[in-house]
Amino acid sequence: MTGAEHSITLLSWTQAAALLGAGVCAGLGAIGAALGEGNTARAGAEAMARQPGAADKILYTMLLGQAVAESSSIFALVISVILVFNDWTGSAVEAAGAFSAGLTMGLGSIGPGLGSGLASEAACTGIGRNPNAAHGVRNIMLVGQAVAQSPAVFALMISLMLIYNGINGNGGGENLGSMAAALGAALSMGLGSIGPGFGAGEVAKAAVLGAAKNPKAHDALMGTMITGQAVSQSTAIYSLMVAMVLVLLA
Amino acid sequence: MTQLFASTQWRFTVGGWELVVNAETLIMTWVVVGLLLALSLLATRKLELVPGTVQNAAEILIEGFLNLSNASLGARSPGYFPLILATFIFVLISNWLGMVPFLSEPTRDLNTTLGLALVGFVAAHYAAIRAKGIKAYLKSYFEPFAFMFPLNVVGEFSKVISLSFRLYGNVMGGAVIVLVVSQLVHYWVLPPFLSAFFGFFVGTIQAFVFAMLTLTYISLAVQK
């Protein structure tokens, strides 16, 4: 081995961190939504087998539910693409922010994807049992899915803040504290959205099944579902606040 | 590949403020508007009781959305149904435009999708204030418990963000995937089929999801 000098500059560290973050983001981001959509398709097939006459209603609901459940993976894709193609200027804060952004969105899409999948799975089962209630069931499914995805939206916001933090120069200093704060924000928001996403999905699943069994209770179910989901999302709000404090003030 | 994110920008200075416009997005939006006007004129030129092809397609579209809108909004449907259908068909044609060579989707720009989401947001809140009166509307933010106020406000904003980013991510992500795969297979066989998948299939579904969610948010705001 010759004594060749290889210089690993700060810019290459930043690019390495960003690429690693993009991989983590895309990899983790595929988990929740794919499981949710798969469960939806399974429920759709079972419902069609039980009720072939309602097959087109079930197919339509299944596709709609899957498309909405995929949102959290799409957010992860967006963050990965930004991380791969962004022009970095090379600083420690940017490196930590880039990797943390990928980690945030990757972890942050697991729970909401699973939860949204639960809602659409229940919608397929419900329409299979009671095709006449299809419209009310679909309404509750859409609203429940949209609320179950809020933690993914929060994770998206934190990811974007982490990526673009270095530009404004308010990332604190080039010290270990700022880098650790970025990673801490990622863990806070990422892990903090697993539970709320899944929990909101459970609420939506029960509301959708209830609306299928008893279409007259549609309004009461919608109101209770939104309330229950909002309260269960409160822990995601706490994670969001902690993450924002870490990103902005540390 | 970084040219996906860069874009020519027109800058105007108006009274001390600098306005920056993404040129490509604006021009493509005009193309979409022109296409929609042309299609509308074509469909309504000679209205007949037994419709021709274009008029028939238009009637199917309108009837379908009218049913959805009536079921969700009931008596208020005539006021908001045109907005929902216009949103759907605008997003649909925008997403399909990407499959035409030398044209790109205006929904590839976050500005477009954010603007559309904000239109739906304003429509929903306007509908709520009109239906319930401003006192009941403000009070609804404090239900069911007073400490839920920040949660409700954050929830409203996250609706706008999720709606806009969902459409933007699907369209931009599809474009990136087609570009990356095309380069990997050296533009052999695969790109047109991928482009058709993302343009037709994903584009149609996302247009429908966008319109349906806007309708759902309006009907939610009017109900409570």
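Residues numbered from 1 in each chain as written. Chains lettered and ligands numbered in written order. Predicted model: local features only at pLDDT ≥ 70, side-chain atom pairs only at ≥ 80, totals over all residues. Heavy atoms only, no water.

S.K.: Break down the overall build of chain B for me, citing the residues and quoting the values.
M.R.: In terms of helices and strands, chain B carries 7 helices and 2 strands. Mapped in sequence order, the helices and strands of chain B form the string β-β-α-α-α-α-α-α-α. Referenced to the eigenvectors of the C-alpha coordinate spread, the extents of chain B come out at roughly 60 × 55 × 40 Å. Looking at chain B as a whole, 42% of its 224 residues qualify as buried. Summed over its atoms, the accessible surface of chain B is roughly 12400 Å², and 71% of this surface lies on carbon and sulfur atoms. Charge-centre separation for chain B: the mean point of 12 positive side chains lies 11 Å from the mean point of 9 negative side chains. (Helix = DSSP H or I, 4+ residues; strand = E, 2+ residues; numbered from the N terminus. Buried < 20%, exposed > 50% of the residue type's maximum accessible area, 1.4 Å probe, protein only. Areas by Shrake-Rupley, 256 points an atom, 1.4 Å probe, with all protein chains shown as cover. Lys, Arg positive; Asp, Glu negative; His and termini not counted. Charge placed at Lys NZ, Arg CZ, Asp CG, Glu CD.)

S.K.: Break down the overall build of chain A for me, with residues and values.
M.R.: Counting its regular elements, chain A contains 12 helices and 0 strands. In chain A, the succession of α and β elements from N to C terminus is α-α-α-α-α-α-α-α-α-α-α-α. Once the C-alpha set of chain A is aligned to its principal axes, its extents read approximately 75 × 40 × 25 Å. The long-range fraction of contacts in chain A, counting pairs at least 24 apart against all pairs at least 6 apart in sequence, stands at 91%. Accessible surface computed for chain A: about 9700 Å², of which carbon and sulfur atoms make up 67%. (Contact = heavy atoms within 4.5 Å.)

S.K.: Explain the interface of chain B and chain A residue by residue, including any values.
M.R.: Across the boundary between the two partners, chain B contributes 32 residues, which contact 32 residues of chain A. Summed over the shared surface of chain B and chain A, the result is 0 salt bridges. Inspection of the chain B/chain A interface yields 2 residue pairs in polar contact (both at pLDDT 80 or more). Contributions of two or more residues to the side of chain B that touches chain A are made by α2 (53-73), α6 (149-184) and α7 (190-223) of chain B. Per element, the largest residue contribution to the side of chain B that touches chain A is 13 residues, and it comes from α6 of chain B. Grouping the amino acids of the side of chain B that touches chain A by side-chain chemistry returns 21 nonpolar, 10 polar and 1 charged. (Salt bridge = Lys/Arg side-chain N within 4 Å of Asp/Glu carboxyl O. Polar contact = N/O pair within 3.5 Å; in protein donor to acceptor, adjacent residues only side chain to side chain. Nonpolar A, V, L, I, M, F, W, Y, C, P; charged D, E, K, R; others polar.)

S.K.: Hey, could you go over helix α10 (residues 194-213) of chain A for me, with residue numbers and the actual values?
M.R.: Residue and element names in this part refer to chain A. Along its 20 residues, α10 runs 29 Å from first to last C-alpha, staying within 8% of the 28 Å computed at 1.5 Å per residue. All of the buried residues along α10 are Pro196, Gly197, Ala200, Gly201, Ala204, Ala207, Val208, Ala211 and Ala212. Across the axial projection of α10, the buried residues extend over an arc of 135°, all falling on one side. Buried residues along α10 sit against α5 (110-129), α6 (134-148), α7 (150-163), α9 (176-192), α11 (218-232) and α12 (234-249). (Expected span 1.5 Å × (residues − 1). Arc of directions from axis to C-beta.)

S.K.: Talk me through the nonpolar core; I want residue IDs and the actual numbers.
M.R.: Formed by 68 residues in total, the largest nonpolar core has its most connected members in Val137 of chain A together with Phe65, Phe88 and Ile218 of chain B. Top element by residues in this core is α7 of chain B. It accounts for 14 residues. Ignoring sequence-local partners within four residues, the contact set of Phe88 of chain B consists of Leu61, Phe65, Thr204, Ala207, Phe208 and Ala211 of chain B. In terms of nonpolar packing, the next biggest core, distinct from the first, is built from 40 residues, Ala96, Ala182, Leu240 and Val247 of chain A among them. (Core = buried A, V, L, I, M, F, W, Y, C linked by side-chain atoms within 4.5 Å.)

S.K.: Requested: an account of the pairing of strand β1 (residues 9-14) of chain B, with residues and values cited.
M.R.: All names here are of chain B. As paired elements, β1 and strand β2 (residues 17-22) share 6 bridges and run antiparallel to each other. Bridging across to β2, Gln9 finds its partner in Asn22. What sits between β1 and β2 in their antiparallel hairpin is a turn of 2 residues, with Gly15 showing a positive phi close to 55°. (Pairing = 2+ DSSP bridges.)

S.K.: Could you give me a rundown of the packing of α6 of chain A against α11 of chain A, with the residues and numbers involved?
M.R.: Residues and elements named next belong to chain A. In contact at an axis separation of 10 Å, α6 and α11 are set at 10° when each is read in the N-to-C sense. Comparing the axis directions of α6 and α11 gives the class roughly parallel. On α11, the residues touching Gly136, Asn139, Ile140, Val143, Gly144, Val147 and Ala148 of α6 are His218, Leu221, Met222, Met225, Ile226 and Gln229. Taken together, the residues that form the contact of α6 with α11 break down as 8 nonpolar, 5 polar and no charged. (Axes fitted to C-alpha atoms, helices over the stretch in contact; angles between N-to-C directions. Parallel < 35°, antiparallel > 145°, perpendicular 65-115°, else oblique.)

S.K.: Outline the pattern of salt bridges, listing residues and values.
M.R.: Summed over all chains, the structure comprises 5 salt bridges over all chains. Where Arg42 of chain A meets Glu46 of chain A, a salt bridge forms, and the shortest distance between an N and an O atom there is 3.6 Å. With Arg42 of chain A and Glu46 of chain A both in helix α1 (residues 10-50) and 4 residues apart, the pair spans about one turn of that helix. Where Lys159 of chain B meets Glu156 of chain B, a salt bridge forms, and the shortest distance between an N and an O atom there is 3.4 Å. Of the two residues, Lys159 of chain B and Glu156 of chain B are both situated in helix α6; the distance of 3 residues between them amounts to about one turn of the helix.

S.K.: Got a sec to walk through the packing of aromatic side chains? Specific residues and values, please.
M.R.: Inspection of the entire model under this criterion finds 13 aromatic pairs over all chains. Between Phe75 of chain A and Phe165 of chain B, the aromatic rings sit 6.5 Å apart at their centres with planes inclined by 85°, giving edge-to-face as the arrangement. Of the two residues, Phe75 of chain A sits in helix α3 (residues 71-85) while Phe165 of chain B sits in helix α6, which places them in two different chains. For the pair Phe197 of chain B and Phe198 of chain B, a centre-to-centre distance of 5.2 Å together with 75° between the ring planes defines the contact as edge-to-face. Judged by its relative accessible area of 19%, Phe198 of chain B is buried. (Phe/Tyr/Trp six-rings, centres within 6.5 Å; stacked < 30°, edge-to-face > 60°.)

S.K.: With reference to specific residues and values, describe the environment of Leu42 of chain B.
M.R.: Within the secondary structure layout, Leu42 of chain B lies in helix α1 (residues 23-44). Separated by 22 residues in the primary sequence, Leu42 of chain B and Val20 of chain B have C-alpha atoms spaced 35 Å apart.

S.K.: Could you give an account of the environment of Phe198 of chain A, naming the residues involved and the relevant values?
M.R.: All names here are of chain A. Structurally, Phe198 can be placed in helix α10. By relative accessible area, which is 35% here, Phe198 ends up partly exposed. On a C-alpha basis, the gap between Phe198 and Gln233 in space is 10.0 Å, while along the polypeptide they are 35 residues apart. Once residues within four sequence positions are removed from consideration, Phe198 is found in contact with Gly111, Leu114, Gly115 and Leu118.

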